[in-house]
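# Overview (structure and organization)
What follows is the residue order along each chain.
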Amino acid sequence: MAWLLWMLCGIQVLCSCIAAPAAQGAGAALLSPRCDDAAVEEAADLALRQINADREEGYILSLYRIVSAREQPQEIAGSVFYLILDVVDTECHVLSKKLWKNCNTRPAHSTVYGQCKAIIYINQARNIAHLNTYECTLQPVPRRYITSICPDCPTDDSPDKPEYLETAVQSLAKFNRESEQTHYFSVLNVTRASMQWVTGPAYFVEFLIQETSCSKDDTVADLSMCEPLPPEVAKIGFCKGSVVNSPAQQFVTTSCEIYSQQDPATEEENQEAHQTPGRSRQDQQASPSDANPFSPHLEKTVGWVKILPPSNEDITFHSLQESQNEHEDRKPVPPKAVGSAHSHDGEKTQVNKPDLTKPVTGPVILPFPEESSLSDSCPGEAKQAEGILHRLITRKPTPSLASAHAPQLSATK
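The text that follows walks through the structure, step by step, so that each part is easy to find. (Residues numbered from 1 in each chain as written. Predicted model: local features only at pLDDT ≥ 70, side-chain atom pairs only at ≥ 80, totals over all residues. Heavy atoms only, no water.)

## Structural notes on the sheet that holds strand E8 (residues 236–245)
Rule in force here: A pair of strands is labelled paired if DSSP reports no fewer than 2 bridges between them. A run of H or I in DSSP counts as a helix once it spans at least four residues, and a run of E counts as a strand once it spans at least two, with each numbered from the N terminus. Helix axes are fitted to C-alpha atoms over the stretch in contact, other axes to C-alpha atoms as well, and angles between N-to-C directions run from 0 to 180 degrees. Here, two residues are considered to be in contact whenever any of their heavy atoms come within 4.5 Å of each other.
In space, the five strands of this open sheet follow the order E5-E6-E7-E8-E9, with antiparallel pairing throughout. Two strands lie at the open edges of the sheet, namely strand E5 (155–157) and strand E9 (250–259), each paired on one side alone. Mean inter-strand twist for the sheet, computed between neighbouring axes without regard to direction, equals 25°. Examined bridge by bridge, strand E6 (residues 183–197) and strand E7 (residues 201–215) share 12 bridges and lie antiparallel to one another. Considered in E7, the bridge of Gln196 is made with Ala202. The strands that helix H4 (residues 162–178) touches are E5, E6, E7, E8 and E9; relative to E6, the one it contacts most, it runs at about 130°.

The following block contains the structure:
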């Protein structure tokens, strides 16, 4: 009998030893760290920085609060974080390359708010902070809230209307006259517009401008005849302007920032770009190190930001999830892991790179988890726990909606 007991114990130990590596290879069970944990806050900061850096149009998004965080410790080193973040837009255009913490958020009546879902791999030992995928769905503050808090505030409007293009042209003319730039600039496109009635119609615009081939030393009668400079040398700028009409006269204002195509970031941000994850949690700029041999084998960041049209309906956590679960053609996003193939031992084999002759050890990226964080600290504290925007963002769905499954991240840009 004793011999039989010893044999049974031995079989159990052997089975556990065999099963353990397989479980590790498939990726450890997802953890639910606290939303106020330092590592989670750092991951959210790095993810949002890289989301903003990856975009070519729109406005820099700022973190409002961490809604959910799931962590997948990697066998090789580091962790993959699956994050849901509440965000609001700022007054900084993405071409400014500014850090979101250095950008002013908009007044509540003109804010665009929503949620981003992001998968980011962080490996401090190898100086890697790599955003794998992201999806952001945003919505302007419902108009009925705007009229309740500021009935006389300018009303956001379609920037494609001719009156706003004319406002941008007039504002830019003032900039071209007064600036010390060597070339004239032309309007690239109007990015935001609003209108208000004062003593007459007042138009407010935000717009991009592009450097042209026309020198300010020459007399130019019609700027529309000036050819834009080649993209590799042309300067791009972001302007805010207004034209206020009154029975007596017209008032024109303008304010522009000019960005260099070669070096759009500030010196401070360039210095931060070379800091290691973990060394400065608050001020570092996220960027995989090009010198690290592991970095070239990481998948390219893929994702999108979708802005829903204005609505009087409240946008809740669940309704944003439903929007994130659809492409532009309104077809469901298929659940799948993004951009990698996994071997049986849990290592990632690089695909579409014929020059690689052996598997490259990399992070195991799972489909975005259906279940949100189990930590009672999530959602985390809001950055601005007051005002109508806070009530909108933190409004919880009904129990029947809360039990619905969250979507999977897609590989669409």
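## A closer look at unusual backbone geometry
Which entries qualify depends on this criterion: Between buried and exposed lies partly exposed: a residue is buried under 20% and exposed over 50% of the maximum accessible area for its type, with that area taken using a 1.4 Å probe on protein chains only.
Here the bond from Cys378 into Pro379 is cis, since omega is -5°, no more than 30 degrees from zero. Counting through the fold element by element, Pro379 comes out in the loop between strand E12 (348–349) and helix H7 (387–393). If you check the backbone angles, Lys97 has positive phi at about 60° while not being a glycine. With respect to the element layout, Lys97 can be found in the loop between strand E2 (79–93) and strand E3 (112–123). For Lys97, a relative accessible area of 30% corresponds to the partly exposed category. Even without being a glycine, Asn127 presents a positive backbone phi close to 55°. Among the secondary structure elements, Asn127 is positioned in the loop between E3 and strand E4 (128–140).

## As for the nonpolar core
Counted only if it meets this: Only buried residues count toward a nonpolar core, which is a set of Ala, Val, Leu, Ile, Met, Phe, Trp, Tyr and Cys residues joined through side-chain atoms within 4.5 Å.
Core analysis: the biggest nonpolar cluster contains 32 residues, and Ile51, Leu83 and Ile120 have the highest contact counts within it. Elements with a contribution of two residues or more to this core: helix H2 (38–54), strand E1 (59–73), E2, E3 and E4. If we skip the residues at most four places from it in the chain, Leu83 touches Ala43, Ala44, Ala47, Ser68, Ala69, Cys116, Lys117, Ala118, Ile120 and Phe368. In this structure, Tyr164, Phe175, Ala193 and Ile209 belong to the second largest nonpolar core, which totals 13 residues.

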